[in-house]
Amino acid sequence: MSSSLYSLRWEAGELVLLDQTKLPGSITYIRCSTCEQVAAAIKVLAVRGAPAIGVAAAYGMVLALQEGLSRNLSGKELADFFDKEGRKLDAARPTAVNLSWAVKVMTDLFHHTDEKSALSVLTEKAMAMEEEDKRLCDGMADNGAHLFEGRKHLRILTHCNTGALATCGIGTAFGVIYRLHERGQIDCVYADETRPLLQGARLTGTELMANHIPCRLISDNMAAYVMAHEHIDAVMVGADRIASNGDSANKIGTYGLSILAAYHHIPFYIVAPFSTFDFSISSGKEIKIEERDPEEVRSFHGVYDAPKDIPVLNPAFDVAPHELITGIITEKGVLTPPYDAAIKKYERSLQL
């Protein structure tokens with residue numbers, strides 16, 4: 001991608017994160033030397049997007065081990081400290097399954113590794129997860145683009161941000177869009193601004209412009225109008241957690257888009273890697289929805305556009321039901337209904 005922005009980077013024993021809360025006004029990077037700092041960055045959305053959160057969490061666990069060793073902890077004391085930091089990190093955002101997945105992977109690895117080599121082993125694992133995410137993004141992009149083979153002048157509607165800022169590679173849903181643009185198939189990408197934190201406007205808008213992809217920014221409540229009048233070929237979004245039946249949790253507003261797409265007979269695609277699937281839950285009803293600070297709705301960057309004491313409902317995610325999802329684009333291919341069978345087969349393939 002032509003954009004020089006990156007979501008995260010491991011540098012000299014520290015995790016360097018792009019502070020996405022400052023975009024597009026300024027490009028600022030945060031240096032994290034402790035697991036606690038990584039958890040704070042995830043909580044305030046300085047780093048966001050399910051894949052990027054997962055990789056950041058893996059590096060956060062490396063920092064937890066570094067800190068424990070710097071305190072001269074060993075044996076049970078080191079293990080207890082490491083596990084405690086992992087629990088804090090896992091609690092930073094409850095909906096994104098990549099976070100808990102990465103913490104579990106690193107925790108299991110630590111407890112099955114000799115203490116003397118644990119730091120190098122965990123660091124290598126986090127780096128491998130970062131590189132794997134880049135490969136997964138390319139796989140999803142290729143599989144998604146294949147669905148539109150031979151078609152030109154495509155008009156895609158997307159929501160929130162799913163590009164290089166949300167991953168370590170070219171993105172999930174945005175990665176498919178980018179691949180289609182590379183092949184000269186995109187006529188226009190319609191990007192929802194994504195209230196209340198405007199990830200679509202601030203982040204996807206920045207990536208679309210940086211990569212010279214034809215686009216139009218729309219407010220969230222324009223989506224129905226756009227579907228009715230702008231000849232949309234597909235709606236393409238990411239996911240933060242996918243249940244075993246295909247129900248998919250994503251940024252608030254996704255559920256509404258799935259309903260609108262069904263009404264207008266527009267294909268609705270989820271694009272997500274294997275780490276986003278939660279095989280332990282049977283449906284979206286079991287997904288815990290994060291409730292965020294009411295100030296995010298009352299104001300933006302300190303400027304109030306509502307009464308300062310008005311009660312607020314601020315769920316960060318909603319769930320698109322599997323019945324309204326045309327396909328789930330993964331690095332292994334495109335899953336189609338019936339999702340319970342397709343996902344079960346997918347789960348078995350991951351175990352081989």
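For the structure, see preceding data.
In this text the structure is predicted, and so the values were computed from the model without any measurement. (Residues numbered from 1 in each chain as written. Predicted model: local features only at pLDDT ≥ 70, side-chain atom pairs only at ≥ 80, totals over all residues. Heavy atoms only, no water.)

### Points about helix α4 (residues 97–111)
Its 15 residues give α4 an end-to-end C-alpha distance of 21 Å, which sits within 8% of 21 Å, the value for a rise of 1.5 Å per residue. Buried within α4 are the following residues: Val 97, Asn 98, Leu 99, Ala 102, Val 103, Met 106, Thr 107 and Phe 110. Each element contacted by the buried residues of α4 is listed here: α1 (35–43), α2 (50–70), α3 (75–90), α5 (118–146) and β8 (241–242). (Helix = DSSP H or I, 4+ residues; strand = E, 2+ residues; numbered from the N terminus. Expected span 1.5 Å × (residues − 1). Buried < 20%, exposed > 50% of the residue type's maximum accessible area, 1.4 Å probe, protein only. Contact = heavy atoms within 4.5 Å.)

### What about the nonpolar core?
Membership of the largest hydrophobic core comes to 42 residues, with the highest contact counts inside it found for Leu 15 and Leu 89. When contributions to this core are tallied by element, the ones reaching two or more residues are β1 (8–11), β2 (14–18), α1, α2, α3, α4 and α5. With twelve residues, α2 is the single largest residue contributor to this core. Once residues lying within four places of it in the same chain are set aside, the contact partners of Leu 15 are Leu 8, Arg 9, Trp 10, Ile 30, Arg 31, Cys 32, Val 38, Ala 56, Tyr 59 and Leu 63. Of all hydrophobic cores here, the second largest spans 27 residues; its members include Ala 223, Phe 268, Ile 328 and Tyr 346. (Core = buried A, V, L, I, M, F, W, Y, C linked by side-chain atoms within 4.5 Å.)

### Notes on the sheet that holds strand β14 (residues 327–330)
Across the sheet, seven strands lie side by side as β6-β5-β4-β7-β10-β14-β15; this open sheet has mixed pairing. Strand pairing shows two members of the sheet lacking a second neighbour, β6 (215–218) and β15 (333–335), which therefore form its edges. Sheet twist, expressed as the mean angle between neighbouring strand axes with direction ignored, is 25°. Bridge analysis of strand β4 (residues 154–158) against strand β5 (residues 186–192) gives five bridges, and the strand direction is parallel. What sits directly across from Leu 154, in β5, is Ile 186. Set on the sheet, helix α11 (residues 339–351) makes contact with β14 and β15; between it and β15 the angle comes to about 145°. (Pairing = 2+ DSSP bridges. Axes fitted to C-alpha atoms, helices over the stretch in contact; angles between N-to-C directions.)

### Things to note about unusual backbone geometry
Put simply, Leu 23 and Pro 24 share a cis peptide bond, and its omega is 0°. Locating Pro 24 in the fold gives a position in the loop between β2 and β3 (29–32). Of the consecutive residues Arg 195 and Pro 196, the connecting peptide bond is found in the cis state with omega at 0°. One non-glycine residue, His 153, lies in positive phi territory at about 55°. The exposed category is assigned to His 153, whose relative accessible area is 61%.

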